[in-house]
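Chain by chain, the residues run as shown.
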Amino acid sequence: MAMFRNYAQHVLSALWRRKSGALALVMTLTILLLFVQYNSVQHDDREHTLIQVKNVVIGHRTFQSIDSKANGSDKEAGGGGHSAVGAESDGVDGDNGQEPQRPPPPGIDTNRFMRNHNQDQHAFGVLKPPYNTGNSDKGPNGRAPFQGQRMFPETGDNRNSYAKPSPFSLSGVGNAISAFDNRANVPFRPAEGVGFYVGEQYSGMSSRPLYVPKQRLLHLDLKGAPPKVSYLKKLFPLLKQLGTTGLLIEYEDMFPYEGDLAPVAAKNHYSKEDVRNILQMSKENNLDVIPLIQTFGHAGFILKHRDFGHLREVPNIPQAFCPSNNESMMLIEDMIDQVVAMHPGIRWLHIGCDEVFQLGLCPKCMMRSMTQSRDDLFLSHVSRVASYVRERYNVIPIIWDDMLHHLTAEMLKHYNLGNLVEIMIWTYVQDVYRFIPHDVWAMYGEVFPYVWSASAFKGAFGETLSVPPVKPHLENNLAWLEVMSKEHGRFREFRGIALTGWQRYDHFATLCELLPAGIPSAALNMLTLSHGYYNETWMQKLYESLQCMKSPKYSTFVNLDVDPYLWDKMSWCFFPGLAFFKMTERLDGVRKSVLQFLQDETVKKAWLTEYNVRDRKSVV
């Protein structure tokens with residue numbers, strides 16, 4: 001025992017004399033063990049533990065989703081990249097006001113990077129001046145159905161109260177999908193013939209195929225801030241690459257109206273030559289064009305003028321035509337004649353007819369209401385306009401569906417609406433069945449042989465947003481794929497879907513997300529619709545379409561929880577309008593800095609409170 005104690009004392013004494021070397025050895029071994037353990041846990045988590053498959057029941061539908069803890073789904077949405085925005089937004093050159101040139105990422109050709117960057121700066125001017133903000137077409141409460149029922153979520157803090165928990169766990173799908181997906185090599189197949197099924201559910205867990213709509217329209221809302229024709233020339237090839245088959249073009253006051261309608265055209269409207277160029281570019285990229293004309297509600301761009309004020313249903317509300325005034329129909333026919341003349345060979349014409357809230361209120365309509373209901377007033381006007389389009393031009397009219405939700409099949413059949421129009425069923429929420437329940441689908445199936453659907457890629461989640469949040473739009477489009485896969489059997493043909501992109505909520509409202517700011521959202525959502533699912537198998541298609549750099553940054557899929565606007569992921573891409581898209585990030589940083597300054601000075605500190613301002617007492 002004594003020998004052991006002597007030996008231990010000798011060893012401890014030696015270690016003490018060499019304590020610095022021994023301490024370094026212990027720390028090195030500790031770090032090595034932690035590194036080995038960390039990698040082991042990461043590998044085990046990816047393969048076994050961290051991917052949980054949950055059954056999420058929504059209505060009568062059961063979805064399977066992926067919950068990936070490894071991708072930080074518990075992080076606060078919107079946190080990605082925002083903390084650095086304020087610092088970056090201050091880095092503006094004081095001489096010319098230009099954004100400092102971003103250094104190229106590691107391993108990237110410097111000359112090519114700077115050349116593309118400089119070209120992008122010169123491509124900033126994508127809108128036709130002037131950028132007036134006095135016009136639009138989505139009411140102040142959004143696109144709400146008849147009797148005030150909302151069809152897309154509230155903005156701000158109340159937004160989530162309108163949607164159930166997401167059945168699509170989008171965070172980390174790109175990283176988690178390879179553990180389950182047995183269809184990673186399935187190529188993209190463009191739609192042929194009627195809509196068809198392709199592949200499996202985007203999570204790869206279900207054997208149930210998804211639906212790919214035949215027609216995939218992108219809505220161009222031109223009012224308020226019409227893009228330059230030169231910008232559209234760059235945009236259309238990108239849309240074709242993403243799987244877009246056509247354009248739903250809403251001119252409003254940007255169309256070159258003539259004659260009695262000349263006052264309707266805004267000062268910065270497109271010329272006839274501009275329209276012909278747009279149509280020619282559409283043809284070159286195999287994009288069918290469907291013009292959209294407002295022929296009932298959302299007619300503020302016409303009825304705001306004194307020349308047409310007498311056609312309002314309510315004298316002090318320039319929103320809806322009076323259907324009992326014959327001059328209303330004469331003006332609508334003139335609009336249709338001029339638009340169709342500029343679009344020879346079109347197959348469909350969208351005639352609007354949504355959100356007609358002012359109805360049956362003028363003296364003439366009230367007289368008719370003695371023998372007819374407000375629904376009769378609506379249906380008779382729609383029937384009259386649709387009959388004109390059919391009989392005069394042999395063109396199929398399309399209308400929005402929200403004013404039909406509460407009607408019966410018998411009433412619609414009485415006005416022969418199923419043979420006159422095709423309806424476009426729209427909602428921008430994730431729970432489609434909440435606003436378009438099963439009994440409405442059954443009624444539509446009984447009346448209409450052909451229908452469309454409509455989702456959104458921008459302009460649906462806030463009247464004053466400058467860039468669209470991508471995740472809620474993606475959830476809406478994925479939900480529509482599910483609904484179309486279930487409901488298409490009710491109809492002779494489910495024509496397709498329109499990916500709408502509203503530029504402002506009402507003709508008299510301010511602008512919201514402009515077209516260049518919505519390109520990343522449009523690309524991701526259109527690829528989802530074109531493939532019929534959402535996962536990383538078409539990741540490279542997305543990056544190639546948006547001209548992203550060859551970099552390790554683009555070896556992983558997007559994460560919409562940490563990068564909700566794709567500001568970070570798309571920072572090294574060169575799609576049309578990139579400079580404008582990047583400016584929205586800087587604008588967000590400045591806005592947050594200003595709000596923080598006001599919070600600090602008026603609440604946290606005592607130098608600029610209401611008391612100081614009111615009594616003019618503060619430190620100079």
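Residues numbered from 1 in each chain as written. Predicted model: local features only at pLDDT ≥ 70, side-chain atom pairs only at ≥ 80, totals over all residues. Heavy atoms only, no water.

### Description of the nonpolar core
Here's step 1: Counting residues in hydrophobic clusters, the biggest one holds 138 residues, and the most contacted among them are Phe-236, Phe-378, Leu-404, Phe-448, Leu-542, Leu-546 and Met-570.
Here's step 2: The residues touching Leu-546, leaving out its near neighbours within four places in the chain, are Leu-238, Ile-519, Pro-520, Ala-523, Met-570, Cys-573, Phe-574 and Phe-575.
Here's step 3: Core analysis: the second largest hydrophobic core is formed by 18 residues, Ile-398, Trp-452, Ala-456 and Phe-461 among them. (Core = buried A, V, L, I, M, F, W, Y, C linked by side-chain atoms within 4.5 Å. Buried < 20%, exposed > 50% of the residue type's maximum accessible area, 1.4 Å probe, protein only. Contact = heavy atoms within 4.5 Å.)

### Structural notes on the packing of aromatic side chains
Here's step 1: Applying the stated rule across the entire model yields 19 aromatic pairs.
Here's step 2: Where Phe-296 meets Phe-378, the ring centres are 5.6 Å apart and the plane angle is 10 degrees; that geometry is what we call stacked. Highlighted residues: Phe-296 in the loop between β7 (288–292) and α8 (300–303) and Phe-378 in helix α11 (residues 374–393), separated in sequence by 82 residues. Considered together, Phe-296 and Phe-378 belong to a single accessibility category, that of buried residues.
Here's step 3: Through pairs of rings, three or more aromatic residues link up here, namely Trp-400, Trp-426, Tyr-428 and Trp-502. (Phe/Tyr/Trp six-rings, centres within 6.5 Å; stacked < 30°, edge-to-face > 60°. Helix = DSSP H or I, 4+ residues; strand = E, 2+ residues; numbered from the N terminus.)

### Looking at the side chain of His-343
Here's step 1: Within the secondary structure layout, His-343 lies in the loop between α9 (326–342) and β10 (348–350).
Here's step 2: Beyond its immediate stretch of four places on either side in the chain, His-343 contacts Tyr-251, Phe-255, Val-275, Leu-279, Val-289 and Pro-291.

### Here's the deal with the confidence of the model for the chain
Here's step 1: Taken over all residues, the pLDDT of the chain has a mean of 76, while the share at 70 or more is 66%.
Here's step 2: A low-confidence stretch, residues 152–209 (pLDDT under 50), is modelled with 157 contacts involving residues beyond four sequence positions or located in other chains. (pLDDT = per-residue confidence, 0-100.)

### Regarding the environment of Leu-377
Here's step 1: With respect to the helices and strands, Leu-377 occurs in helix α11.
Here's step 2: Note on Leu-377: relative accessible area 0%, which makes it buried.
Here's step 3: Considered as a pair, Leu-377 and Gly-360 are 17 residues apart in the sequence and their alpha carbons are 7.2 Å apart.
Here's step 4: If sequence neighbours within four positions are ignored, Leu-377 has contacts with Pro-323, Ser-324, Leu-359, Gly-360, Cys-365, Arg-368, Ser-369 and Gln-372.

### Concerning unusual backbone geometry
Here's step 1: Residues other than glycine seldom take positive phi values, yet His-298 does so here, at roughly 50 degrees.
Here's step 2: Here His-298 lies in the loop between β7 and α8.
Here's step 3: Since its relative accessible area comes to 5%, His-298 is described here as buried.
Here's step 4: A positive phi is found at Asn-416, a non-glycine position, where the angle reads about 55 degrees.
Here's step 5: Turning to its location among the elements, Asn-416 is positioned in the loop between α12 (409–414) and α13 (417–420).

### What about the state of the cysteines?
Here's step 1: In the structure shown here, the tally under the stated rule is 1 disulfide.
Here's step 2: Here Cys-548 connects covalently by a disulfide to Cys-573, the sulfurs 2.0 Å from one another. Judged by the sign of its S-S torsion, about 90 degrees, the cystine formed by Cys-548 and Cys-573 is right-handed. Note that Cys-548 is positioned in the loop between α18 (539–545) and α19 (578–604) and Cys-573 in the loop between α18 and α19, a separation of 25 residues in sequence. One exposure class covers both Cys-548 and Cys-573, and it is buried. (Disulfide = S-S within 2.5 Å.)

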